[in-house]
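Coordinate inspection notes
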Amino acid sequence: MAALDAKRRSTKRKQEEQEEVTLPTLQHNGGLEMLSDEENDDEVSDDGHVDQFPEIDVNSDSEDSDIDDSEEGDEDEENEADSDEDSDDSLHVFPKSKTVLSSITQQPKLVYPEIEPDYDSDSSTEDAPNRVGDIPLHWYDDLPHIGYDINGKQVLRPARGDELDKFLATVEDASAWTSAFDKNAQMDKPLTSEELDLIRRLYANEVPDANYDPYEPTTEWFTGKGKEEIMPLSGALQPKRRWVPSKWEKQKVMKIMRAIRQGRILPSKPKSRSKYEPYAIWSEPSSSNPPPLPAPKPRLPTNAESYNPPEEYLPTEEERKTWEALDAEDRERDYLPQKYTSLRLVPAYDRFIKERFGRQLDLYLAPRIQRVKLNIDPNTLIPKLPSPSSLKPFPNYRSLTVQHSKGRARCISISPDGSWVISGDDEGVVSLWEISVGREIQRWTFDGKIGSLNWCPRTDVNYFVVGVEENIHFIIPPNTPPAVLSLTQSALAPTNPPPASATASPVKWVTPSSNLWSVETPILTVNLPSGSGAPSHLCWHRRGDYLASVSGGNAQGGVWIHQVTRRHSQAPFKKVKGSVQLVLFHPSKPHFFVATQQYVRMYSLSEQKLIKTLTPGIRWISSMDIHPLGDHLIVGGYDRKLCWFDLELSDKPYKVLRYHSRAIRSLHFHPSYPLFASSSDDGSIQIFHSRVYNDLMTDPLIVPLKILRGHEVRDGLGVLQVKWCSKQPWLVSGGADGRVAVWCS
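Residue indices begin from 1 for each chain and proceed along its sequence in written order. This being a predicted model, a pLDDT of at least 70 is required before a residue's local features are given, and a value of 80 or more before pairs of side-chain atoms are given or counted; all residues contribute to the totals for chains, interfaces and linings. Only hydrogens and water are set aside when side-chain values are computed; all heavy atoms of the structure are taken into account.

Only DSSP runs of H or I covering at least 4 residues are called helices, and only runs of E covering at least 2 are called strands; the numbering of each starts at the N terminus. Counting its secondary structure elements, the protein chain contains 12 helices and 35 strands. Here the protein chain, with 745 residues, has 30% of them falling under the buried criterion. A contact between two residues is defined here by any heavy atoms of the two lying within 4.5 Å. For the protein chain, the proportion of contacts with a sequence separation of at least 24, taken over those separated by at least 6, is 48%. Accessible areas in this description were obtained via Shrake-Rupley with a 1.4 Å probe; residue shielding takes into account the shown protein chains only. For the protein chain, the accessible area works out to roughly 52,100 Å², and carbon and sulfur atoms hold 52% of it. Burial here depends on accessible area, computed with a 1.4 Å probe over protein chains only, as a share of the maximum for the residue type. Under 20% is buried, over 50% is exposed, and the range in between is partly exposed.

Dropping the structure here:
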C-alpha cells in the first residue's frame with residue numbers, strides 16, 4: 001500500500017506541473033480563467049495527498065468481503081512493473097475499475113466505485129438546463145414552469161422583480177445596460193463587444209459589418225480593352241421566316257400526332273374537383289337577399305304620461321271604473337294618467353320590470369324578414385263554378401222504369417238512333433223495349449248469365465251482340481225496315497263467304513241455314529275457345545267492322561278482336577301483364593286502350609307498339625270511357641276514385657274526383673252533350689258537366705250537376721251500368737234491384 005501511495009503522489013505532482021505550464025498559455029490566448037467553486041490552489045496543497053475514491057460498498061453485490069492478501073500482493077507487483085502505463089492511465093477522467101470473481105457465476109467482472117455527484121461532479125452546482133426543445137416559448141406564458149430537465153421534471157420559472165427592481169439593478173450594476181434577457185435560460189446575459197458594436201451600427205443606420213468598406217474603388221468589369229460586349233440594336237424577337245425547321249423534329253411531331261389520332265396517346269384527365277368547393281361566407285354580403293330589418297323602435301311617450309299632465313288628460317271617476325273593469329288586452333291604454341304637484345312626489349314605476357321584459361321580447365321575437373301579409377277571404381279560394389241551372393239540359397228526374405223480375409239488370413245498350421234499349425240480366429233474359437214509353441217489343445232467353453250487350457254503331461245496318469257463356473250472338477231486332485234488314489243479313493251472312501284466313505284461329509264463326517232464320521234466333525254466332533268464359537266486356541270500333549271482347553280466360557289475356565266482314569278473329573297479345581278488365585277503341589285514331597287492374601296501356605294498332613302507360617293510382621280498375629274528341633279519358637275503380645286523364649298532358653291523372661261513398665261500377669260520356677255520368681254501389685248516379693275546349697291551353701271545365709237516387713242496394717250492389725241516349729240528354733241505368741230506369745231532363 002505504501003508503494004501505491006507513493007506512486008499516486010508522484011502522479012499528482014506530474015499533473016500539477018503540467019497545469020502550471022498550461023495555465024499561462026490559456027490566459028494568454030483567451031484571457032479568461034474558468035474555475036468551479038471547489039477548484040482552488042488551497043485544496044491542492046493541503047496535505048500533499050490526493051483524495052482517494054470511497055471504498056467499494058460490499059453490500060452492492062454478493063462478492064465475499066475477504067480478499068486474499070496474495071491477490072493484493074500480486075496487484076502491487078503488477079502496478080510497480082507497469083508504472084509507466086499507470087502514469088498514463090492516471091490522466092483518464094474515469095475511475096479505475098477493479099476485477100473480482102462473482103459468487104454467482106464464478107466469472108471475473110469489473111467493479112467501479114460509486115460516484116457521489118454532490119462532490120465529484122462538475123455540474124453539481126449548475127442549474128438544471130431547460131430541455132424544452134425547439135418549440136414556441138409563448139406556450140408557457142400562463143404556466144409556472146418554462147420547460148423540463150433531462151429527467152422530465154418541470155423547470156420552474158425564476159422569480160423576476162418588477163420595474164423598480166430592474167431600475168435599482170441598473171443603478172447598482174453598470175453592466176446591466178449591456179445585457180439582454182434570454183428566454184430559454186430565463187436570465188439576463190451580458191452582450192459581447194461584437195454584439196454591442198452591431199447594435200450601435202444598427203441604431204446609427206450604418207452597415208452592420210465592420211469590415212465592409214462602402215468607399216472602395218469601383219472595379220471596371222466591362223470597360224477596357226478586350227472587355228467590350230456586342231449589344232443588339234433592338235430586343236425584338238426573330239421573325240419566323242428565319243427559323244429553319246428540323247427534319248427529325250418534324251418526324252417526331254408527326255409520330256406523336258399519329259399516335260394521338262389513333263388513340264394510343266390519351267390526353268391527361270382534368271383534375272376532378274370536389275363536389276362542394278369551399279368559399280368565404282363572410283367575405284362579402286349576400287346580394288340575393290335584402291339586408292335584415294332593424295329592430296322595432298319603442299313607442300315615444302305622450303302628454304298623458306307626464307307626471308303633471310293637463311287637466312283634459314285626467315280620467316274621471318266613471319272612466320277610471322270602466323278602465324278597471326275591462327280586461328288588460330281590451331284596454332285602450334296600459335296606464336291611467338296621474339297628476340303630481342312636483343317630481344319628487346312621483347313614486348317608483350310599478351310596471352318597469354314588465355315593460356322591460358316586454359321590450360326584450362320585442363327585440364328577441366322581432367321578425368328580421370319583411371313578409372307581406374295576405375288578407376284573403378276563404379270564400380274566394382273556392383273555385384267559382386257556374387250555376388247548374390245555367391248548364392242545362394241534364395237529367396234530373398226518373399221518367400219510367402222497366403223491371404227484370406228474375407235477376408239483376410247487369411248490362412244495357414242503346415241503339416244508334418236513340419229509340420231502342422236492350423237490357424240483360426243474370427237469368428239469361430234480354431229485353432228490347434222503347435225508350436220513350438218503356439214498352440217491351442221482344443224478349444230473348446239464353447242458357448246462362450248475360451255477360452255483356454252492345455249495339456253496332458253502324459246506321460246502315462241494325463243488329464246487336466250478346467255475350468253468353470263462351471259465345472257471342474249477333475241478333476237482328478224486329479220491326480227493322482226491309483232495306484236495312486236485307487243489308488244487315490248480307491253483312492252478317494253473305495251468300496259468298498270470304499275466304500278463310502291463312503292463319504288458323506281457334507275462334508269459330510257459325511251461321512245457321514237461311515231456313516232457320518227468325519227473330520228469336522241469332523243470325524250469327526262466334527264460338528270462343530273453350531275455357532274462355534263469358535265475355536264480360538264488348539266494345540265496337542267506331543266504323544262497326546271490328547268488335548273487341550274481353551273474357552275471364554287467361555289465354556292471350558282473354559282479349560279477342562273480331563272482324564265481321566272477313567269473319568276472322570285474332571288475339572292482339574301473346575301475353576299481357578296482369579288481368580285485363582276493359583278495352584276501348586280510340587274514336588278517331590288507330591289506338592287501342594287496355595285496362596288491367598292498376599294500369600291503362602295505350603297501343604298503336606298501325607305500328608303495333610306500346611305508346612303510353614297511364615297510372616291512375618287505383619287499386620282495381622272497374623270502368624273506363626273515352627271522350628268523343630279522343631283527348632281525355634276517365635277511369636273509375638272499386639276504391640271510389642274517378643280519375644280524369646289528359647292524354648296530351650301526362651301519364652298521371654289531371655284530376656281525381658271522390659264523390660261516391662262506395663265502389664264505382666260504370667262510367668259513360670255523352671256522345672254529343674258535354675255530360676258524363678258515374679254509377680256506384682251506393683245506389684246513386686252522379687251527373688257532371690264536362691266541357692272540353694279546343695284551345696289546348698284552357699283546362700276542361702268539370703262541374704258536378706246532379707245526384708240521381710232511385711235504385712235500391714241489393715247484396716252490396718247498386719247501379720251496375722249507365723248509358724246515354726245519343727240524341728237526347730237522357731240517361732238509362734240498370735241496377736242490382738232488377739230495374740232499368742230512364743232519367744230525363
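What follows picks up the thread again.
Before going further, it helps to spend a moment on unusual backbone geometry. Cis geometry is found at the peptide bond from Lys 392 to Pro 393, where omega equals 10 degrees. Mapped onto the fold, Pro 393 is located in the loop between helix H11 (378–381) and strand S7 (397–403). With a phi angle near 60 degrees, Asn 479 is a residue other than glycine that sits in the positive phi range. Structurally, Asn 479 can be placed in the loop between strand S14 (471–475) and helix H12 (482–492). Accessibility expressed as a relative area gives 63% for Asn 479, which makes it exposed.

Once that is clear, we can look at the pattern of salt bridges. Each reported salt bridge corresponds to a side-chain nitrogen of Lys or Arg within 4 Å of a carboxyl oxygen of Asp or Glu. Under the definition given, this model contains 19 salt bridges. In this structure, the salt-bridge partner of Glu 355 is Arg 351, at a minimum N-O distance of 3.1 Å. Arg 408 serves as the salt-bridge partner of Asp 715, at 3.3 Å between the closest nitrogen and oxygen. Placement of Asp 715 in the loop between strand S32 (701–709) and strand S33 (719–724) and of Arg 408 in the loop between S7 and strand S8 (409–414) is noted, with a sequence separation of 307 residues between them. Residue classification places Asp 715 among the exposed positions, given a relative accessible area of 69%. Overall, the relative accessible area of 22% leaves Arg 408 in the partly exposed class.

Note on pairing: two strands pair once DSSP finds at least 2 bridges between them. In the sheet, S14 pairs with strand S16 (residues 524–527) via 4 bridges, with the strands oriented antiparallel. The residue of S16 that forms the bridge with Phe 474 is Leu 524. Note that strand S15 (residues 508–510) and S16 share 3 bridges and pair antiparallel. In the strand pairing of S16, Lys 508 is matched with Asn 527.

This brings us to the confidence of the model for the protein chain. Confidence in the prediction of the protein chain, expressed as mean pLDDT, is 80, and 80% of residues score 70 or more. Segment residues 119–124: pLDDT under 50, and 4 contacts once partners within four positions in sequence are set aside and those in other chains are kept. A residue's pLDDT is simply how confident the predictor is in it, with values from 0 to 100.

This part covers the sheet that holds strand S13 (residues 464–468). Here 5 strands make up an open sheet; going across it, the order is S12-S13-S14-S16-S15 and the pairing antiparallel. The sheet is open, and its two edges are formed by strand S12 (450–455) and S15, each paired on a single side. Direction aside, the axes of adjacent strands within the sheet are offset by 15 degrees on average. The pairing of S13 with S14 spans 5 bridges and is antiparallel. Note that in S14 the partner of Val 468 across the bridge is Asn 471. An axis is simply a line fitted to the C-alpha atoms; with a helix, the fit covers only the stretch in contact. Between two such axes, the angle follows the N-to-C directions and lies from 0 to 180 degrees.

Our next topic: the sheet that holds strand S10 (residues 429–434). The strand order across the open sheet built from 4 strands is S8-S9-S10-S11, with neighbouring strands paired in antiparallel fashion. In this open sheet, the two strands that pair with only one neighbour each are S8 and strand S11 (440–445). Strand after strand, the sheet turns through a mean of 20 degrees between neighbouring axes, direction not considered. Relative to S10, strand S9 (residues 420–425) runs antiparallel, the two sharing 5 bridges. In the strand pairing of S10, Ile 422 is matched with Leu 432.

Another aspect to go through is a positive patch on the surface. Taken together, Lys 252, Lys 255, Arg 258, Arg 261 and Arg 264 make up a surface patch of like positive charges. Counting through the fold element by element, Arg 258 comes out in helix H8 (residues 247–262). Each patch is built from residues that are more than 30% exposed by relative accessible area and take part in no salt bridge. Like charges join if they lie within 9 Å; nonpolar side chains (Val, Leu, Ile, Met, Phe, Trp, Tyr) join within 5 Å. When charges are counted, Lys and Arg contribute as positive and Asp and Glu as negative, whereas His and the chain ends are disregarded. Charge coordinates come from a single atom per side chain, which is NZ of Lys, CZ of Arg, CG of Asp or CD of Glu.

Here we come to the packing of aromatic side chains. Any two rings among Phe, Tyr and Trp, with Trp reduced to its six-membered ring, count as a pair given centres within 6.5 Å; such a pair is stacked if its planes are under 30 degrees apart, edge-to-face if over 60, and tilted if neither. Applying the stated rule across the entire model yields 14 aromatic pairs. Arranged with centres 6.4 Å apart and planes meeting at 65 degrees, the rings of Trp 620 and Tyr 638 form a pair that is edge-to-face. Residue Trp 620 is located in the loop between strand S24 (609–614) and strand S25 (621–626), and its partner Tyr 638 is located in the loop between strand S26 (632–637) and strand S27 (642–646); the two are separated by 18 residues in the primary sequence. On the basis of relative accessibility, which here comes to 36%, the residue Tyr 638 falls in the partly exposed class. The rings of Trp 644, Tyr 659, Phe 669, Phe 676 and Phe 688 are connected pair by pair, giving a single aromatic cluster.

What follows deals with the nonpolar core. Joining through side-chain atoms within 4.5 Å is the link that ties buried Ala, Val, Leu, Ile, Met, Phe, Trp, Tyr and Cys residues into a set, and such a set is a nonpolar core. One finds Val 583, Phe 592, Phe 593, Val 600, Met 624, Leu 633 and Val 635 to be the most contacted residues of the largest nonpolar core, which totals 29 residues. Once residues within four sequence positions are removed from consideration, Leu 633 is found in contact with Leu 584, Phe 593, Val 600, Leu 614, Met 624, Asp 625, Ile 626, Cys 643, Trp 644, Phe 645 and Leu 647. Ranked by size, the runner-up nonpolar core spans 20 residues in total, among them Val 461, Trp 509, Trp 540 and Trp 560.

Bringing the side chain of Ser 452 into the picture now. By secondary structure assignment, the location of Ser 452 is in strand S12. Two N or O atoms count as a polar contact when they lie within 3.5 Å, although within protein this holds only if one can serve as hydrogen donor and the other as acceptor, and sequence-adjacent residues are included solely when both atoms are side-chain atoms. Looking at Ser 452, its side chain comes within polar contact range of the main-chain nitrogen of Leu 538, at 3.3 Å. Contacts of Ser 452, omitting those with residues within four sequence positions, involve Cys 411, Val 465, Val 466, Gly 467, Pro 535, Ser 536, His 537 and Leu 538.

Here we take up a negative patch on the surface. A grouping of Glu 317, Glu 318, Glu 319 and Glu 324 is seen on the molecular surface, where their side chains present a negatively charged patch. When you line up the elements, Glu 319 lands in helix H9 (residues 317–325).

Glancing now at the side chain of Ser 604. Tracing the backbone through its elements, the reader meets Ser 604 in strand S23 (residues 600–604). In terms of polar contacts, Ser 604 uses its side chain to reach the side chain of Ser 606, at 3.3 Å. Only 3.3 Å separates the side chain of Ser 604 from the backbone nitrogen of Glu 607, close enough to count as a polar contact. Aside from chain neighbours lying at most four places away, what touches Ser 604 is Pro 590, His 591, Lys 609 and Ile 611.

A few words on the environment of Trp 323. Turning to its location among the elements, Trp 323 is positioned in helix H9. Residues Trp 323 and Arg 333 lie 10 residues apart in sequence; the distance between their C-alpha atoms is 8.8 Å. Not counting chain neighbours up to four residues away, the residues in contact with Trp 323 comprise Arg 331, Arg 333, Asp 334, Tyr 335 and Leu 336.

This part takes up the pairing of strand S34 (residues 731–735). Extensive coverage of S34 is indicated by the burial of 5 of its 5 residues. The alternating pattern of S34 places Leu 731, Ser 733 and Gly 735 on one face and Val 732 and Gly 734 on the opposite face, and all of these are buried. In this sheet, S34 lies alongside S33 in antiparallel orientation, the contact comprising 5 bridges. Following the sheet pairing, Val 722 is matched in S34 by Ser 733. Following S34, the chain reverses through 3 residues before pairing antiparallel with strand S35 (residues 739–744); Gly 738 in that reversal takes a positive phi of roughly 85 degrees.

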